[in-house]
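What follows is the residue order along each chain.
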Amino acid sequence: MVADVGGASELAFLLEPTDVIAVRDRPLLLDCQVEGEGPISVAWRKNGVPVATGHRVMVLVNGTLLIQNFQKRRDGDETDAGEYDCAAQNRFGLLVSRKARVQLASLPKFHTHPDSMSVDEGGVARFQCQLNGIPEATITWERDRIPLSRYDSRYTLLPAGILQITGVKRIDAGLYRCMASNIANVRYSHEAQLNVTGGAPKTFKEPVILSGPQNLTITVHQTAILECIATGNPRPIVSWSRLDGRSIGVEGIQVLGTGNLMISDVSLQHSGVYVCAANRPGTRMRRTALGRLVVQDLEPPVTHVAWWETPNSSWRKIMVSVVHSHP
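The rules we used
- Residues numbered from 1 in each chain as written.
- Predicted model: local features only at pLDDT ≥ 70, side-chain atom pairs only at ≥ 80, totals over all residues.
- Heavy atoms only, no water.
- UniProt positions renumbered as here; feature names shortened; annotations may be inferred.
- Disulfide = S-S within 2.5 Å.
- Helix = DSSP H or I, 4+ residues; strand = E, 2+ residues; numbered from the N terminus.
- Phe/Tyr/Trp six-rings, centres within 6.5 Å; stacked < 30°, edge-to-face > 60°.
- Buried < 20%, exposed > 50% of the residue type's maximum accessible area, 1.4 Å probe, protein only.
- Pairing = 2+ DSSP bridges.
- Axes fitted to C-alpha atoms, helices over the stretch in contact; angles between N-to-C directions.
- Salt bridge = Lys/Arg side-chain N within 4 Å of Asp/Glu carboxyl O.

Per an unreviewed UniProt entry, the recorded name for the chain is Ig-like domain-containing protein, and the organism is Anguilla anguilla. One UniProt comment on the chain, placed under Subcellular location (unreviewed entry), says "Membrane".

Participant: I would appreciate a short explanation of the state of the cysteines in the present structure.
Facilitator: By definition, a disulfide links the sulfur atoms of two cysteines through a covalent bond. Counted according to the given criterion, the structure contains three disulfides. The partner cysteine of Cys 32 in its disulfide is Cys 86, sulfur to sulfur 2.0 Å. Where Cys 32 bonds to Cys 86 through sulfur, the torsion about that S-S bond is close to 85°, and the disulfide is right-handed. Taken together, the residues span a long stretch of sequence, with Cys 32 in the loop between β4 (28-30) and β5 (33-35) and Cys 86 in strand β10 (residues 82-90) at a distance of 54 residues.

Participant: Looking at this structure, how should I read the packing of aromatic side chains?
Facilitator: In this description, an aromatic ring pair is defined by two values, namely the gap between the centres and the angle between the planes. Here the structure, examined in full by the defined rule, presents two aromatic pairs. Consider the rings of Phe 127 and Trp 141, whose centres lie 6.2 Å apart with planes at 35°: the pair is tilted. Pair noted here: Phe 127 is in strand β14 (residues 125-128) and Trp 141 is in strand β15 (residues 138-143), with a separation of 14 residues, a long-range link. Residue Phe 127 shares its accessibility class with Trp 141, and that shared class is buried. With centroids separated by 5.0 Å and ring planes inclined at 20°, the aromatic side chains of Phe 127 and Tyr 176 adopt a geometry described as stacked. In this pair, Phe 127 is assigned in strand β14 and Tyr 176 in strand β19 (residues 174-181), connecting sequence segments 49 residues apart. Take Phe 127: its relative accessible area is 1%, and that puts it in the buried class. An aromatic cluster is built from Phe 127, Trp 141 and Tyr 176, whose rings are joined through pairwise contacts.

Participant: In this structure, what is going on with the sheet that holds strand β26 (residues 237-242)? I would like to understand it.
Facilitator: Working definition: the strands of a sheet are paired by backbone hydrogen bonds and lie parallel or antiparallel to each other. An order of β23-β30-β29-β26 is seen for the four strands of this open sheet, with the pairing classed as mixed. The open sheet terminates on both sides in strands that have one partner only, identified here as β23 (216-219) and β26. Geometrically, the sheet is characterised by an average inter-axis angle of 25° between neighbouring strands, direction not taken into account. One ladder, built from six bridges, connects β26 with strand β29 (residues 272-279); its direction is antiparallel. Within β29, the position partnered with Ser 241 by the bridge is Val 275.

Participant: Looking at this model, I keep getting lost on the pattern of salt bridges. Mind explaining?
Facilitator: Oppositely charged side chains can form a pair if their charged atoms are brought close together. One pass over the structure, following the stated rule, counts 13 salt bridges. One salt bridge connects Lys 99 with Asp 85, and the closest N-O pair in it is separated by 3.8 Å. With Lys 99 in the loop between β11 (93-96) and β12 (100-104) and Asp 85 in strand β10, this pair connects stretches of sequence that are 14 residues apart. Look at Lys 99 and you get partly exposed, because its relative accessible area is 48%. On the accessibility criterion, Asp 85 (3% relative accessible area) is buried. Linking Arg 242 and Asp 244 is a salt bridge whose minimum nitrogen-to-oxygen distance equals 2.9 Å. The buried category is assigned to Arg 242, whose relative accessible area is 7%.

Participant: What should I look at first to understand unusual backbone geometry in this one?
Facilitator: One can expect most non-glycine residues to show negative phi and most peptide bonds to be in trans. Residue Pro 39 follows Gly 38 across a cis peptide bond; omega there is 0°. Tracing the backbone through its elements, the reader meets Pro 39 in the loop between β5 and β6 (40-46). In this structure, the amide linkage connecting Asn 233 to the following residue, Pro 234, adopts the cis form with an omega of 0°. We note that Asp 144 has phi near 55°; this positive angle belongs to a residue other than glycine. Along the polypeptide, Asp 144 turns up in the loop between β15 and β16 (146-147). Not every positive phi belongs to a glycine, and Ala 160 is a case in point at roughly 70°. As for its position among the elements, Ala 160 is in the loop between β17 (155-158) and β18 (162-165). Given a relative accessible area of 39%, Ala 160 falls into the partly exposed group.

Structure follows, in structure tokens:
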């Protein structure tokens, strides 16, 4: 495929293919637009093998790859998913793009469904559902098949499909299920029964951490949420600290619900072991739970491979690194 593009003799990318999640039976476009002296030929590869073009797969005039209906054969491993790159060439040289990962959108069945439970009035309920969607599914919750109000401060929704209900009331009793949705599909979990028993007992109960922070690995500039939900009588006060004694700080720090720690726009300095403590008011009695937060740096630079013709008519290989920074 040859595209006539005016400009400087040296090739440079205007648009490269980027990682994308494709939907079965829908069109997919992968960009590959270059500038340089024409004529310029553009060729595509998938997993290092030239892409076969035809009525379903074609290269457009501007170099873009069009897959008219993205496929994954049910009876085998053949699929349009894979790593794609494009190579642009004119009489001065050849330039190879970054590799773009193309995944098929999917939403498999739940591997964790919410469990039924009985909770004292005024206590805490916690449900969880999990599945591995591509892209990550959006999860919402229903009681008796009616969506929960987003404006009730007693409901806290956390990542990994967790629903917390604090200060449980009798009207909270019912059947709970979660709904997961992404561009591939919509699924519903099994239903779990919440029974609300008599009022909170007057007798003393030691603090208990029902669910503490889990180990978490994320990338800089993302948001970290560490769970901590506790019960007891009187109701315990939840506090956070770092195991190494360093200050957690206040900027970007927020408490969700009655004790979950949210850290916005994390940096490498936020890595460490975090301690959730459930304290009985007015005493030194406490229970603790620990979780490790690992913050990873940005993705490594993307390397292009370019071949340029030198004055003595030989070819010289140049590695060009480009850092794709996050916004």
